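Secondary and tertiary structure notes
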Amino acid sequence: MLTQLQTEQLRIEYLQPLETKKESKDSWGQDIKEGLTQCPKKIPSKYFYDDPGSQLFEQICELPEYYPTRTEASILREYAEEIAEITGTCELVELGSGSSTKTRLLLDAYHQQNELFKYMPIDVSAGILRESAIQLKQDYNSLQIQGLVGTYDQALTQLQPTSWPARMIFFLGSSIGNFSETDYDNFLGKISEVSGNGDYFLLGIDLQKPKSILEAAYNDSQGVTAAFNLNMLAHLNHKFQGNFDLNHFKHQAIYNEEEKQIEMYLSSEEAQNIYLKSIDFKLELKKEEKILTEISRKFDLEKTKHQLESKQLKPVKVFTDKNKWFALILCQAVK
Ligand code: AVI
């Protein structure tokens, strides 16, 4: 239980939707219809993350083959203090905070150095945001927490100028790898736009590496990633009154060496017809036809540094692990 004072220092706000109510009603399921009428067929990755999907993702992060989470955590363990030293007192804004597990490594570093800081976790899931904010408030008594419930777009569009000496927006886990090239470019532009001169941006990216390591990470031996991928169909069944039979699909993850990205598919085991009743959408699938559910881009460090620099986000320091599998790039906005 939080005390009265602790409760006053913890605020959770809901960000305004960017679209009007009328538009959002009309566009209900529109992204599904558009994705499934493209060639190849696609389902937007956001449909991974219902409650069971989010839990499966937490399990993926613990898998022996899935190195990104562990590797990024090891980098933070080693260099969080240095990051806190470089930025000094600041407002920490985390995009896609989830359970804020890795964040604690950063918060600990600021706490230990007696640097003042405020923490703003941003996530679409109100439940997980509230739970982790309450837990954090109990563990870091003097910490001011202002959680924002909303998408990255809403958060970046509605973020108010900070009254703190500096702000550091951070985006961990190589989630940026799930953006298309265009969305990636727009996202960096937006970060730059909302950052004042001298503000920081900390970005976690998964680096290019041999195909065998990458494919193992997305085809784990326990089948958790397969369950995560297939769960998307269960989510669609639930949300749009669909009749996908999960037994008639197979998980596939391949590394596209030309595009430098993992591509995750659901392959139809037989010719089948699907109907999503609440959006009146019929889908015809051929045997072995594949639906793209996710791309996970793998980055070249030098190229990424240049891209950041071209957005007025100057890399100050790069932190990486001994294998150079993952990197955290600390940038400073130079306006
Ligand atoms: C959330 N994102 C960074 C993960 C990734 O590695 O691209 C999602 C994931 N998909 C399958 N395994 C993990």
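This structure is a prediction, so every number in the text was calculated from the model and none was measured.

**Comments concerning the site of the ligand**
- Near the ligand lie 14 residues; those nearest to it are Y66, N178, Y218, E294 and S296.
- A distance of 2.5 Å separates an oxygen atom of the ligand from a polar atom in the side chain of Y66.
- In this structure, N178 approaches the ligand through a side-chain N or O atom, which is 2.9 Å from a nitrogen atom.
- For the ligand, whose unbound accessible area comes to 340 Å², protein coverage reaches 96%.
- Elements with a contribution of two residues or more to the shell around the ligand: α4 (51-62), α11 (224-240) and β12 (290-297).

**Let's talk about α4**
- Helix length check: α4, at 12 residues, gives a terminal C-alpha distance of 17 Å against a target of 16 Å (1.5 Å per residue), a fit within 8%.
- Of the positions making up α4, those classed as buried are G53, L56, I60 and C61. For α4, the arc enclosing every buried residue in end-on projection is 150 degrees, short of the 170-degree limit, so these residues lie on one face. Exposed and facing more than 90 degrees away from the buried side of α4 are D51, Q55 and E62.
- Next to the buried residues of α4 lie α5 (67-87) and α11.
- One side-chain oxygen at the N-terminal end of α4 lies 2.9 Å from the backbone nitrogen of G53; it belongs to D50.

**Considering the pairing of strand β5 (residues 144-149)**
- Extensive coverage of β5 is indicated by the burial of five of its six residues.
- As paired strands, strand β1 (residues 10-14) and β5 are joined by five bridges and run parallel to one another. Note on β5: the bridge partner recorded for E13 is L148.
- Between strand β4 (residues 117-123) and its parallel partner β5, the chain crosses via helix α7 (residues 126-139), and the hand of that crossover is right-handed.

**Examining the packing of α4 against α11**
- One way to put it is that α4 packs onto α11 with a least axis distance of 9 Å and a crossing angle of 160 degrees. In this view, α4 runs roughly antiparallel relative to α11, as classed from their interaxial angle. Crossing geometry of α4 relative to α11 is assigned as left-handed. Contact residues: α4 offers P52, G53, L56, F57, Q59 and I60, while α11 offers V224, T225, A227, F228 and N231.
- The residue makeup of the contact of α4 with α11, split by class, is seven nonpolar, four polar and no charged.

So, how was this worked out
Note on numbering: residues in each chain are counted from 1, in written sequence order. Given that the model is predicted, a residue must reach a pLDDT of at least 70 before its local features are reported, and side-chain atom pairs must reach 80 or more before they are shown or counted; all residues, however, enter totals for whole chains, interfaces and linings. Note that water and hydrogens are dropped before the side-chain values are worked out from all heavy atoms of the structure. We call a residue near a given molecule or strand whenever any one of its heavy atoms falls within 4 Å of it. For the purposes of these results, a polar contact is taken to be a pair of N or O atoms within 3.5 Å, where, inside protein, one atom must be able to donate a hydrogen and its partner to accept one; residues adjacent in sequence count only when each atom of the pair is a side-chain atom. Note on areas: Shrake-Rupley, 1.4 Å probe, and residue coverage restricted to the protein chains presented here. In this description a helix means any DSSP run of H or I spanning at least four residues, a strand means any run of E spanning at least two, and both kinds are numbered starting from the N terminus. To estimate the expected span of a helix, subtract one from its residue number and multiply by 1.5 Å. Between buried and exposed lies partly exposed: a residue is buried under 20% and exposed over 50% of the maximum accessible area for its type, with that area taken using a 1.4 Å probe on protein chains only. The arc in question is the one traced by the directions running from the helix axis out to the C-beta atoms. Only heavy atoms matter for contacts: two residues are in contact if any of them lie within 4.5 Å across the pair. Criterion used throughout: strands pair if DSSP finds at least two bridges between them. Every crossover in which the path from the first strand over the helix to the second runs clockwise, viewed with the strands pointing away from the viewer, is termed right-handed. Here an axis means a line fitted to C-alpha atoms, over the contact stretch when the element is a helix, while the angle between two N-to-C directions is reported on a 0 to 180 degree scale. Geometric relationships in this document are graded by angle, where less than 35 degrees denotes roughly parallel, more than 145 denotes roughly antiparallel, 65 to 115 denotes roughly perpendicular, and other angles denote oblique. Crossing chirality is assigned from the near helix's rotation relative to the far helix, an anticlockwise turn below a right angle marking it left-handed and a clockwise turn marking it right-handed. Polar here means any residue outside two lists: the nonpolar Ala, Val, Leu, Ile, Met, Phe, Trp, Tyr, Cys and Pro, and the charged Asp, Glu, Lys and Arg; Gly therefore counts as polar.

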